Amino acid sequence: MCLKNKINMNKIPKYRALPVFEGAVFALLLFVPLIADKFVISSLTVFLLLSMLAISFELCWGYTGILTFGQGFFFGIGGYVVAILMNKAQVINFYVLSAGAIGIGILLGLFFGAFLFLGKRVPTIIFIAIGTMTLSYLGERFFTGWAWVGAANGQTLWEVVEVFGVEFIPGVKAFYVVMFFLTIIYLLCRFVVRSQLGLVCSGLRQSEERLKFLGYQIQVPKLIIFTFAAAIASFAGGVFSLHEGFVGPTSLGFTFSAYAALYCLFGGSGTLIGAIIGTIAIEMARLYLSDINMIKHYWQIVLGAILIVVILFRPHGIVGLFVGTRERIGYFGFRGTRKLKVKADKYV
Amino acid sequence: MRIIEVQGVCKQFGTLCALNGVNLKIDHNKIYGLIGPNGSGKTTLMKAISGAHFPDKGTICFLGQDITCMNPHLRSQLGLSIKFQITSVFPELCVYDNLLIAKQAGESSWKLLWSRSKKALHEEILEIMECFHLQDRAYDRVSDLSHGEQQWLEISMATHDLLSNRELSQEQQAENSTPSPLKPRLLLLDEPTAGMSKEERKITGELLLKAKQNCAILIVEHDLDFIKDICDHIIVLSNGEVLDEGTPEEIESSNQVIEVYTSRV
Amino acid sequence: MEKEAKSKYANSVKEGIKGISRRRFLCNSVLAAAGWVATTAGGWVLRPEWANAATGPIKIGALLPISGSSASMGIGCWQMMQVWAKKVNDNGGVLGRPVELYIEDYGSEIPKAVQAARRLAQQRGVHMITGTFWSSTRIAVKKQITVRDKLPFFYPAEYEGGECTRNLFCTSNVPNHVANPLVSHLLKTGSKRFALLGSDYTFPRNFNKAYRKILEEKNIDIVFEEYYPMDQTSFASLIAKINNEKIDCVLSNVVGGWLSFYKSLFESGYYENGGRVGCHFMDESMYTFVPSKYIPGLISCMESYLHLDRPYNKMVKKAYYDMFPDTKAEPGYAPGSTWRGLQFYEQAIIKTNGDLRTEAITEALPGIKLKDSIGGPAEMVGNHCKFNIYVARNVGKTYEILDQYDMVDPRECV
């Protein structure tokens, strides 16, 4: 039966498209400020911050199968924490502000994640989706009525903070600062999704039941990913409010959560780079479609139609045009050697 | 050694009584066959033992512990491993990754994050694939496998290291602070040979005979020849109750069993 | 020669404004040639040939919603800006420099408003920005405009007061303008039992606070004061309470669900029983939101009305409808306020002798008096305006002026 003393395995397929694609996108982004004007650079900085929001959604849905419409809530909460620390406690140290944003993301991610995932019954996708959507809605309503934080008017962030010795105001320097943070977040997320925890997340996405019967306490990795995603969204929201100089109840609402989903679907669900590409593509469309005279009064409808068509005909998004499914899913095993061999062994 | 004891288990689905006071005992180092006509409650009983649902009445004790209402993942960690009737693997992952995910069930999330077990499990996974003749399909996606190969994959995920002679080093034993799923104590296999060719069934039978040396196995099957060849003990269910049980020879000559099988065509 | 050139220019402007979709206009447009595809209909005012090429045009940015939920107000303001620009350019521009208008539509979305403001300043290179309606949008964009891009920002909407940001100028009414005239009129014409109502956000609360102050000073009891979420759609229990408590005057700042509110109030027989409603911000342009029949005799209090019988108002209204004969966007209070802001800006430029730097404009604006504007003369006091306030009553399809208060002081940011 098992008497072979040498096993030749198929060679692991070489990954070609995805790393090249990722590298190309990042290289292009680094190059853009050298040729673009101030407005384009500032806009792109905003897009990159929204990409972080999209990445947080991608971690949950694209990798782990958690359909969350609450990323907007964490995004807005991060902004509010920064605004409150700045306006009420006169904190202008960026590191303290961002620690506050990340901290609140972790705390609230754990709290709501525990509520959603750690119940006696395993929650369904619909339960999570509606639960998180409700969270966004309630958050917006709550902050709309809370006078201490400006109620419906929101808050202006007047102070200028310094990050790595540069003033964080829209422009080239702020762009590269945000690029730096995006790169860190991207690499962190890549590390997580390519790790064995990422393999478990992949299993959760495909067959949660099977994982349960293999012995996994499936709610724990879900809670970890949900909290990690919440922290990313909160950090992004905090930096977004510093960049834009403003935070309001709409930052917490369902709109941002829905846009996060759209960015990922359009860019390519199941890849981190898809979240970035989708964000930039949709935001550029939002920016420039209203310039077209023929559709200027209903450009939002046109944008919606474009999104529907793309998602219907390219369910794997823009990234799906360049990266095959196998490469998108990836391989998680040990790749110390290309040809896999095992020592000869005898089985009794 | 008594592995599992099922006493008076009942399960109702609306007006349908799927299980009605089933009693079952399973001992170590034996293969038990669970047979019966369609709708007799075989899969329901398997699900009750695995934790897919909880019985309305009765108890299930596994290694002396009452697991009647225990969550499936905890049962799995105690050493109860299942292969479902409908093939349930991870279709987007390759064969290698399916086994990798199965073998890491006992690891903490922190260890999984640092992928500490990946290298250590490499050779074990190779051995398992070799045993189940999947070595040439290591990096093929499961959805590209034949039905029989998918069955083997799922069985291999359930059996883990039961077919290995690999001894854990002292260091590895010390690391396994939780009950190791590496060697399940009870294998539940629901129709493991469905869709397999004759040759594949033969190989599967040989594998299970080897595996029983390290655990107990409970198989649900419709292939009575397969059951006869490998089982030490057969339990016959009919209408949610144990109709008869005994050695294959006893069951073959049991009038009750013959009547049930011939009357339900 | 000059007259010929001006005439040629006027024709080209008229053509340009009306014929934005025409290829010839696009070809002529400097910015269209730079690659910006037809930014807006009528959004471009051609640089006249007589313009001083050395100093260039005065660029004014319009940060307005011309799509989305606030589009009807935005379109009115945008069209009013074009009427003003044409009038100014027909008269030789400001100190010989023509005016160019640029619009960025923020589609009623706040994050897009910040981006749009940035675009006006950084890509379009405007010297001044006017626009936004909701206070939340104003607060979102003010840092970008007044601090980061360092531009004067003219805010045309009436709002709750308290905006003292440098470089930001508010050209419509605040609570201190309207509270006394409105409440005084209601009291002297017989109202005794008041209910203060509003949607639950700062604007209604601030106005009601001003009303309360005056009522309490006059020892008038307020029977109840309540606020409702912006997405409230049913006011049945409120209407019942109004009728049960025999309220004879509702001071309303209900914005969210206002059609439902006013319709329900009307159908409950409140008006037949002698009840009245005071809502300061209602004018003719609001009929598209709340039909006149649901608000019979509503008492309003604003700085101008569409049918105000004043030559200046009539002149502007005629010019507006001459340029936009088919428009459904009426030149209500917000377009009027936009016009007023543009007048102030023009005067500030004249005062600084053409110095468009924000510091110079900001220094010049306080104290500027407009001999006449929409609604009457106006004066910039700090960063708010003194102007006439009118108390009016809704009658049919118009507002009948009942009272006039001259040059009311906003008493803001003192």
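Residues numbered from 1 in each chain as written. Chains lettered and ligands numbered in written order. Predicted model: local features only at pLDDT ≥ 70, side-chain atom pairs only at ≥ 80, totals over all residues.

(A) Fine view of the interface of chain A and chain B. Across the boundary between the two partners, chain A contributes 40 residues, which contact 42 residues of chain B. Looking at the side of chain A that touches chain B, the elements with two or more residues in it are helix H7 (196–206), helix H8 (208–214), helix H9 (219–244) and helix H13 (325–329) of chain A. Broken down by element, the side of chain A that touches chain B gets its largest block of residues, seven residues, from H7 of chain A. When the residues that make up the side of chain A that touches chain B are grouped by side-chain class, the tally is 24 nonpolar, eleven polar and five charged. (Contact = placed C-beta atoms within 7 Å. Helix = DSSP H or I, 4+ residues; strand = E, 2+ residues; numbered from the N terminus. Nonpolar A, V, L, I, M, F, W, Y, C, P; charged D, E, K, R; others polar.)

(B) Examining the interface of chain A and chain C more closely. Between chain A and chain C, the residue contacts involve 32 residues of the former and 32 residues of the latter. Counting only elements with at least two residues in the side of chain A that touches chain C, the list comes to helix H2 (38–64), helix H11 (272–289) and helix H12 (299–313) of chain A. With five residues, the top contributor of residues to the side of chain A that touches chain C is H2 of chain A. Its residues placed into classes, the side of chain A that touches chain C shows twelve nonpolar, 14 polar and six charged.

(C) Looking closely at helix H5 (residues 125–144) of chain A. All names here are of chain A. In a regular helix each residue adds 1.5 Å, so 20 residues correspond to 28 Å; H5 covers 29 Å between its end C-alpha atoms and thus fits that length. Buried within H5 are the following residues: Ile128, Thr132, Leu135, Ser136, Gly139, Glu140, Phe143 and Thr144. In an axial view of H5, the angular spread of the buried residues amounts to 165°, which keeps them on one side of the axis. The outward face of H5, more than 90 degrees from its buried face, is lined by the exposed residues Ile126 and Phe142. (Expected span 1.5 Å × (residues − 1). Buried ≥ 20, exposed ≤ 12 C-beta atoms within 10 Å, placed from the backbone. Arc of directions from axis to C-beta.)

(D) Representation of the packing of helix H3 (residues 95–103) of chain B against helix H6 (residues 147–159) of chain B in the model. Residue and element names in this part refer to chain B. It is at 9 Å that the axes of H3 and H6 come closest, and there the two elements cross at 25°. When the axes of H3 and H6 are compared, the pair comes out roughly parallel. Considering only the axes of H3 and H6, their crossing is right-handed. Counting all contacts with H3, which are made through Val95, Asn98, Leu99 and Ala102, the residues of H6 involved are Leu153, Ser156 and Met157. (Axes fitted to C-alpha atoms, helices over the stretch in contact; angles between N-to-C directions. Parallel < 35°, antiparallel > 145°, perpendicular 65-115°, else oblique. Left-handed = near helix turned anticlockwise from the far one by under 90°.)

(E) The nonpolar core, seen in detail. Grouped together as the largest cluster of nonpolar side chains are 290 residues, with contacts concentrated most on Leu53 and Ala236 of chain A, Leu186 and Ile217 of chain B together with Leu63 and Ala117 of chain C. For this core, the element with the highest residue contribution is H2 of chain A, accounting for 16 residues. Structurally, this core is a two-domain feature, drawing no fewer than three residues from each of domain 1 (2–174 + 309–387) and domain 2 (175–306 + 391–408) of chain C. Once you skip the residues sitting within four places of it in the chain, Leu186 of chain B turns out to touch Ile3, Ile4, Ile26, Gly79, Leu80, Cys215, Ala216 and Leu218 of chain B. (Core = buried A, V, L, I, M, F, W, Y, C linked by C-beta atoms within 7 Å. Domains from an automatic or database assignment.)

(F) Seen up close, the pairing of strand E8 (residues 216–220) of chain B. Residue and element names in this part refer to chain B. Summarising burial for E8: five of the five residues are buried, a large majority. Neither face of E8 is exposed, since Ala216, Leu218 and Val220 on one face and Ile217 and Ile219 on the opposite face are all buried. Relative to E8, strand E7 (residues 186–190) runs parallel, the two being bridged by five bridges. The residue bridging Leu187 from the neighbouring strand is Ile217, located in E8. In this region the chain leaves E7, passes through helix H8 (residues 198–211) and returns to the parallel neighbour E8; the handedness of that crossover is right-handed. (Pairing = 2+ DSSP bridges. Right-handed = clockwise from strand over helix to strand, strands pointing away.)

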